[in-house]
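Summary of the model geometry
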Amino acid sequence: MKTETLNKNNQGPLVLDDSILQTRAAFMATTEITDHQTIFVGIGLPCLVAHITQNHTTPNCHLVFESGLTEVVCKTQPLSTASANIAKTSKMHGSMLDVFSMLQRGEIDVGLLSAAQIDIFGNLNSSKLTTNSGKIISLPGSGGAHDISVLANKVIVVMPADPRRFVNNVDYITSPNNPYRNRKGVVGVATPDAYFSFETGQAVLQKIYSDRDAEEINASLNWDTKISSKLETISPPSNELFKDASIFLNTS
Amino acid sequence: MKTETLNKNNQGPLVLDDSILQTRAAFMATTEITDHQTIFVGIGLPCLVAHITQNHTTPNCHLVFESGLTEVVCKTQPLSTASANIAKTSKMHGSMLDVFSMLQRGEIDVGLLSAAQIDIFGNLNSSKLTTNSGKIISLPGSGGAHDISVLANKVIVVMPADPRRFVNNVDYITSPNNPYRNRKGVVGVATPDAYFSFETGQAVLQKIYSDRDAEEINASLNWDTKISSKLETISPPSNELFKDASIFLNTS
Amino acid sequence: MVNKIMTAKQAVKKYINNSDMVFVGGFGHAIPFAIAQEIVRQKICQLHLVKTGADIVFDMLVASGCAQSLTCGWYGNPGIGVSYIISQAVASGKLKLTESTNFSMMLRLHAGKLGIPFIPSPILSDGDLADSISEVKSIICPFSNTKIKAHGALNPDVAIVHAQRSDINGNVQLWGSIGDTLDGCEASKKIICSVEEICEQDEILLSPHLTKLPAHKVVAVIKQPFGAYPSYLHGFYQRDEKYYENHSTNSKDTSKVQEWLESVVFRHHDFDSYIQSLPDELIRELKWSGT
Amino acid sequence: MVNKIMTAKQAVKKYINNSDMVFVGGFGHAIPFAIAQEIVRQKICQLHLVKTGADIVFDMLVASGCAQSLTCGWYGNPGIGVSYIISQAVASGKLKLTESTNFSMMLRLHAGKLGIPFIPSPILSDGDLADSISEVKSIICPFSNTKIKAHGALNPDVAIVHAQRSDINGNVQLWGSIGDTLDGCEASKKIICSVEEICEQDEILLSPHLTKLPAHKVVAVIKQPFGAYPSYLHGFYQRDEKYYENHSTNSKDTSKVQEWLESVVFRHHDFDSYIQSLPDELIRELKWSGT
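Cut-offs and rules
- Residues numbered from 1 in each chain as written.
- Chains lettered and ligands numbered in written order.
- Predicted model: local features only at pLDDT ≥ 70, side-chain atom pairs only at ≥ 80, totals over all residues.
- Heavy atoms only, no water.
- Helix = DSSP H or I, 4+ residues; strand = E, 2+ residues; numbered from the N terminus.
- Rg over C-alpha atoms; globule rule 2.2 N^0.38 Å.
- Buried < 20%, exposed > 50% of the residue type's maximum accessible area, 1.4 Å probe, protein only.
- Contact = heavy atoms within 4.5 Å.
- Areas by Shrake-Rupley, 256 points an atom, 1.4 Å probe, with all protein chains shown as cover.
- Lys, Arg positive; Asp, Glu negative; His and termini not counted.
- Charge placed at Lys NZ, Arg CZ, Asp CG, Glu CD.
- Polar contact = N/O pair within 3.5 Å; in protein donor to acceptor, adjacent residues only side chain to side chain.
- Pairing = 2+ DSSP bridges.
- Least-squares fit on C-alpha atoms with pLDDT ≥ 70 in both.
- Domains from an automatic or database assignment.
- Buried area = accessible area lost by both parts, 1.4 Å probe.
- Salt bridge = Lys/Arg side-chain N within 4 Å of Asp/Glu carboxyl O.
- Axes fitted to C-alpha atoms, helices over the stretch in contact; angles between N-to-C directions.
- Core = buried A, V, L, I, M, F, W, Y, C linked by side-chain atoms within 4.5 Å.
- Right-handed = clockwise from strand over helix to strand, strands pointing away.
- Parallel < 35°, antiparallel > 145°, perpendicular 65-115°, else oblique.
- Left-handed = near helix turned anticlockwise from the far one by under 90°.
- Nonpolar A, V, L, I, M, F, W, Y, C, P; charged D, E, K, R; others polar.
- Arc of directions from axis to C-beta.

Here we come to the overall build of chain A. In terms of helices and strands, chain A carries seven helices and 15 strands. At 17 Å, chain A has a C-alpha radius of gyration in line with the 18 Å of a compact globule built from 252 residues. With respect to the three principal axes, the spread of C-alpha positions in chain A is 50 × 40 × 35 Å. Relative to its 252 residues, chain A shows a buried fraction of 66%. Intrachain contacts of chain A at a sequence separation of at least 6 include 69% that bridge at least 24 residues. Per element, the accessible surface of chain A, about 8,700 Å² overall, is 47% carbon and sulfur. Computing the positive centroid from 20 side-chain charges and the negative centroid from 24, chain A places the two 3 Å apart.

What follows is the structure, encoded as structure tokens:
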């Protein structure tokens, strides 16, 4: 793993517990979601995305968690896909089989994931990392990530802008960006700064917050990406949204 | 279909709505059931068998119906496998998939069926009859009969002693006596007079009520069967059991 | 939340097309008679009906000419006898019937629910039903290297179903005997549901274990009290046993079948009007008692 | 009705053998800690554990040496991080880990539930996990003539599970988040279940929609209040978040792991004694609130 570009541009590795950065990444992901879609929500940053869709951007989306909790109102942050807070605000207690079946039937419009590593082809690694010294660090594994990446109509990844996690080739392909039938697979990754699209087969900087510089951001992540000729500029979230997200993140 | 032996021996075709004959057939079937078994119950005479096991002979049997109703207390006669009376006395409202899965897993010790026709090999017909004049009479079809015959650990058939329905070869094999893996398939058929076993591959008169004559009964059914060298004599049910069964049959 | 409440008239017009494959919910319980009657009233045609065990609501869809084909494991009048209407329609060439078994149909709907092309099972390997169904094929199991049957998935265009209650958004709550209803609904591309009661979201949140249909695929919620009549609905009303018995007698006679359709469907502009035409005494008698 | 009530000690002794394949119920909810602790106390060994996502109860079964192998889609401390104990056991060769995905494990347990040799699914066709699991094989779909994966059935020897209540006969009622629990239990040859409360048959008859495990395969019912602690049980108690956090910190250090086992398992002759050792205040704090 190349680490030499760490802290280049002084934007540094983004710390996950920074609520502003998390909110910027999550809000960027919501720009890829339209109302009435059915969303399969992973744990971590994806929950914040889900919360923002429901409370701010696309209020009629259906939220599903791999535990089987369905039609969830994501008011507070869950620690796991089966946490009591989301069990209490779920309108349907289905089973894991029920929700993965929705996914396999092609009814999940958007899968929201995070990953330890992502590469320029949209492959995800949640299994193991190899350090510079060759040591292997075991991670908790796929969980539903592989399944979501193969079966969702499209997958949006949300990650902190840590260049160690954006690589040209992941150490291990847990979730290949090779979707089933006519599904779109991993279409992009949202960071606190930008959104990179994989729709042409290789990561392209597609959207950027208006307070960020595209060249800088594109260079900061340590992977070989280009800037789209149709780069879109996104206004950062409102103060109200930041405030609400911060309350959400403190509820866990 | 050979009908010339009808009414021979003056035992005549047994009428289904005769509660004494039904009870005799059902009680005969219960002699093949041991306590604590799990029973998949078809509609008609099988329900009376189930009732007698639970109230008289083997009180700890588990009753399952194809609608998904499980752990049923069969107090009154159901008209269908999903009737309100058994839904109200069921301890678990599973689905049809759940109970057929029990069957396929090999957890159903006994499948109780009836049929329009049975042959000397234990094949069952619930699909269509061909009359002497060649006319085809359509019946409602397999339902779960085919599935139960293939998947239950053993199947006991209960039928009125109508010789038109006991044939050397059925007109149509809805439920072949060719079970899955090491399951036993259709092991026998109970009538108001006797129990014929298929365990040697072809029907053998195995049990007879003490008030019936084996030679007569064996000849009365119009099929090529033998009398077992180990013929067992069964005492007819008690008056108390007849009375209870009659109440049960009148509840539908 | 999107409000999906509409009338049966609107729902059938908007969401059921000629030639659709239709899954009919309810298994001896909660049979969607109200929606089925509206299909008949609107003369939707060339439908392909799929079901495990087909109750007398299928007689109505066949007698009216709505159904062109039927694939099922059983057809008749539960606990009473055969379906004269379906037998005659098959004999006269008006209906294409594919006979199967209840479990094979269940597995094919379940494969549809799971979103996979087939489910393997040893059933339909032997007997006269085997090889008569083109969507049940032989394969070799890669674990045992022996033959097994692949039961091909069914994904109906639409499921029609009746249940106890729902919120306006289609979080449908159903209890009592389940049968094949949930798998059939989940296998279908969309669900049209009639219910006895519309309830508040809060009530759903208090009982999420009763919610059985995923709201994202429920396209229409129809408030239709007695919508499963003459079938029963757990906790609401009993089955009208006399209706089922009379049906068996009347449906033997072709001329009476048209009278039946006339009196229960065409004479009424909607299902409410039909229910209002029933004697008050009958409605009282059918009231649910017990658990 | 057969009375299946017994203690965890009796149930584990009677129904769990060395080398068994064990399905552990509970997915982020209703995790059977009491039964698992008894397995550790009795030093049952060479177990093969199977699960979709493995929570910290697996740390206990691995750290104690009970587990020889683990097949799962995920292992760690939900919402907190990695499992140091499992990673170290794998690195040192004490545990054979087969990594899969949650859905593949779910399908394999579901195939076990259905009683079929496999379920086809396109997952695990590509990526570095594909071809690493010998029970996931390539086949040709007879409908599309394209490749698909056959996910081989799992039929564990025994399932351990915790639920809200049961009658003495094993009609077990469970509600709240379900996860993989029901399929895993149905796939298993027998089920050992601990519950908060034993209830009357009549109560079960009033709520058959809550009964989730088929009594005929429940071999033991253990009355064990707080039996899912430190996990949560819907309607009864919350998760002990501090326990999960502390576990993550402590389990990094091998010496502290043995201390942990000593303090939560070996110091107590049974789970009641362990629960009694917890501060009253904690028990009060964890009391369920809301729906």
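Picking up where we left off.
Tracing the backbone through its elements, the reader meets T101 of chain D in the loop between β6 (96-99) and α5 (102-114). A distance of 2.6 Å separates polar atoms of two side chains, one belonging to T101 of chain D and the other to D147 of chain A. With residues near it in sequence (within four places) discarded, T101 of chain D still touches S142, G143, H146 and D147 of chain A together with G73, I123, L124 and L129 of chain D.

Glancing now at the pairing of strand β13 (residues 194-197) of chain A. Residue and element names in this part refer to chain A. Burial along β13 is two-sided: A194 and F196 and Y195 and S197, pointing in opposite directions, are all buried. One ladder, built from three bridges, connects strand β12 (residues 186-190) with β13; its direction is antiparallel. In the sheet register, V189 faces β13, and the bridge partner there is F196. Here β12 folds back onto β13, and the loop between the two strands holds three residues. Of the strand pairs in this sheet, β13 and strand β14 (residues 204-209) are connected by four bridges, and their pairing is antiparallel. Bridging from a neighbouring strand, A194 pairs with I208 of β14. Counting the residues that bridge the hairpin from β13 to β14 gives six residues, and of these G201 lies at a positive phi of roughly 105°.

Turning our attention to the relation of the copies chain D and chain C. Each copy superposes on the other: chain D lies on chain C with an RMSD of 0.0 Å after a rotation of 180° and an axial shift of 0.0 Å. Look at the turn and shift together and you get a two-fold axis relating the two. Scanning chain D for the C-alpha nearest the rotation axis identifies I119 of chain D, at a separation of 3.2 Å. In this assembly the copies share their binding face: 100% of the residues contributing to the interface of chain D also contribute to that of chain C.

Turning to the domain arrangement of chain C, a few remarks are in order. Residue and element names in this part refer to chain C. Here chain C is described as being made up of domain 1 (8-106 + 154-276) and domain 2 (118-152). Here the C-alpha centre of domain 2 lies 30 Å away from the C-alpha centre of domain 1. Listed per partner, the contact involves seven residues of domain 1 and nine residues of domain 2. Interface area for domain 1 against domain 2, summed over the two sides, is near 540 Å², with a carbon-plus-sulfur share of 68%.

Looking now at the interface of chain D and chain A. Counting residues at the interface gives 43 residues for chain D and 36 residues for chain A. For the pair chain D and chain A, the two sides together bury roughly 3,100 Å², of which 62% comes from carbon and sulfur. Its largest share of buried area at the contact with chain A, chain D owes to F103, P122 and D128 of chain D, together 18% of the area lost on that side. Our count for the chain D to chain A interface comes out at one salt bridge. Notably, a salt bridge pairs E99 of chain D with K128 of chain A, separated by 3.6 Å at the nearest N-O pair. Only β5 (74-75) and α5 of chain D provide two or more residues apiece to the side of chain D that touches chain A. The element that contributes the greatest number of residues to the side of chain D that touches chain A is α5 of chain D, accounting for six residues.

A few words now on the sheet that holds strand β7 (residues 118-121) of chain D. Strands belonging to one sheet form pairs held by backbone hydrogen bonds; the direction of such a pair is parallel or antiparallel. Residue and element names in this part refer to chain D. Strand order in the open sheet made by the three strands is β7-β9-β8, with antiparallel pairing throughout. Among the strands making up the open sheet, the edge pair consists of β7 and β8 (136-140). Within the sheet, the average angular offset between the axes of one strand and its neighbour, ignoring direction, is 35°. Docked against the sheet, α5 engages β7, β8 and β9 (147-152), running at close to 140° with respect to β7.

Here the focus is the nonpolar core. In this structure, W223 of chain A together with W223 of chain B are the most contacted members of the largest nonpolar core, which totals 94 residues. For W223 of chain A, the residues in contact, after removing those within four places along its chain, are I118, D119, I120, F166, V167, N168, V189, F196, F198, A203 and N218 of chain A. Membership of the second largest hydrophobic core comes to 80 residues, among which are M105, A159, A220 and V265 of chain D.

Here the focus is unusual backbone geometry. Put simply, Y229 of chain C and P230 of chain C share a cis peptide bond, and its omega is 10°. As for its placement among the helices and strands, P230 of chain C is situated in the loop between β14 (218-223) and α8 (241-250). Its identity as a non-glycine residue notwithstanding, E71 of chain A has a phi of 50°, on the positive side. Tracing the sequence through the fold places E71 of chain A in strand β3 (residues 69-72).

Turning to the pairing of strand β1 (residues 21-24) of chain C, a few remarks are in order. Residues and elements named next belong to chain C. Covered by surrounding structure in β1 are M21 and F23 together with V22 and V24, the residues of both alternating faces. Summarising the sheet, β1 and strand β2 (residues 47-50) pair through three bridges and their orientation is parallel. Bridging across to β2, F23 finds its partner in V50. Chirality of the crossover, the property in question, places the unit of β1, helix α2 (residues 33-41) and β2 among those that are right-handed.

This part is about the packing of α2 of chain C against helix α9 (residues 254-266) of chain C. All names here are of chain C. Contact geometry for α2 and α9: axes closest at 10 Å, N-to-C directions at 110°. In terms of their interaxial angle, α2 and α9 are classed as roughly perpendicular. Classified by chirality, the crossing of α9 by α2 is left-handed. Counted together, Q37, V40 and R41 of α2 and V264, V265 and F266 of α9 form the full contact between these two elements. Looking at side-chain class alone, the contact of α2 with α9 contains four nonpolar, one polar and one charged residues.

The next point concerns the side chain of S80 of chain A. Following the sequence through the fold, S80 of chain A ends up in the loop between β3 and α3 (84-88). Those residues within four positions of S80 of chain A in sequence are excluded, and the remaining contacts are I43 and I86 of chain A together with G28 and P78 of chain D.

What follows deals with the interface of chain D and chain C. Listed by partner, the interface residues are 24 residues for chain D and 24 residues for chain C. Across the interface of chain D and chain C, roughly 2,000 Å² is buried in total on both sides, 84% from carbon and sulfur atoms. Together, F118, P142 and F143 of chain D form the three largest contributors to the area buried by chain D at its contact with chain C, with a combined 28%. Across the contact surface, chain D and chain C share one residue pair in polar contact (both at pLDDT 80 or more).

What follows covers helix α1 (residues 8-15) of chain D. Residues and elements named next belong to chain D. Of all the positions in α1, only A8, A11, V12 and Y15 are classed as buried. Along α1, the residues classed as buried sweep out an arc of 95° about the axis, all on the same side. Opposite the packed face of α1, turned more than 90 degrees from it, sit the exposed residues K13 and K14.

All names here are of chain A. Contact geometry for helix α1 (residues 19-30) and helix α2 (residues 45-57): axes closest at 8 Å, N-to-C directions at 65°. By crossing handedness, the relation of α1 to α2 is classed as right-handed. Residue-level inspection shows Q22, T23, A26, F27, A29 and T30 of α1 in contact with α2, the latter providing L45, L48, V49, I52, T53 and T57. Of the residues belonging to the contact of α1 with α2, the class tally is seven nonpolar, five polar and no charged.

Attention shifts here to the sheet that holds strand β6 (residues 117-119) of chain A. Residue and element names in this part refer to chain A. In spatial order, the strands read β7-β6-β11; together these three strands make up an open sheet with mixed pairing. The open sheet terminates on both sides in strands that have one partner only, identified here as β7 (124-125) and β11 (166-167). For β6 and β7, the ladder comprises two bridges, and the chain directions are antiparallel. Considered in β7, the bridge of Q117 is made with N125.

This paragraph deals with the pattern of salt bridges. Pairs can form between side chains of opposite charge whenever their charged atoms are close. Residues and elements named next belong to chain A. Tallying each qualifying case throughout the model produces 38 salt bridges over all chains. The partner of D211 in a salt bridge is R24, and the shortest N-O contact between them spans 2.7 Å. Within this pair, whereas D211 is found in the loop between β14 and α6 (214-220), its partner R24 is found in helix α1, the two being separated by 187 residues in sequence. Salt-bridge contacts for K154 lead to E32; the nearest nitrogen and oxygen are separated by 3.9 Å. With K154 in the loop between α5 (145-151) and β10 (155-158) and E32 in the loop between α1 and β1 (38-41), this pair connects stretches of sequence that are 122 residues apart.

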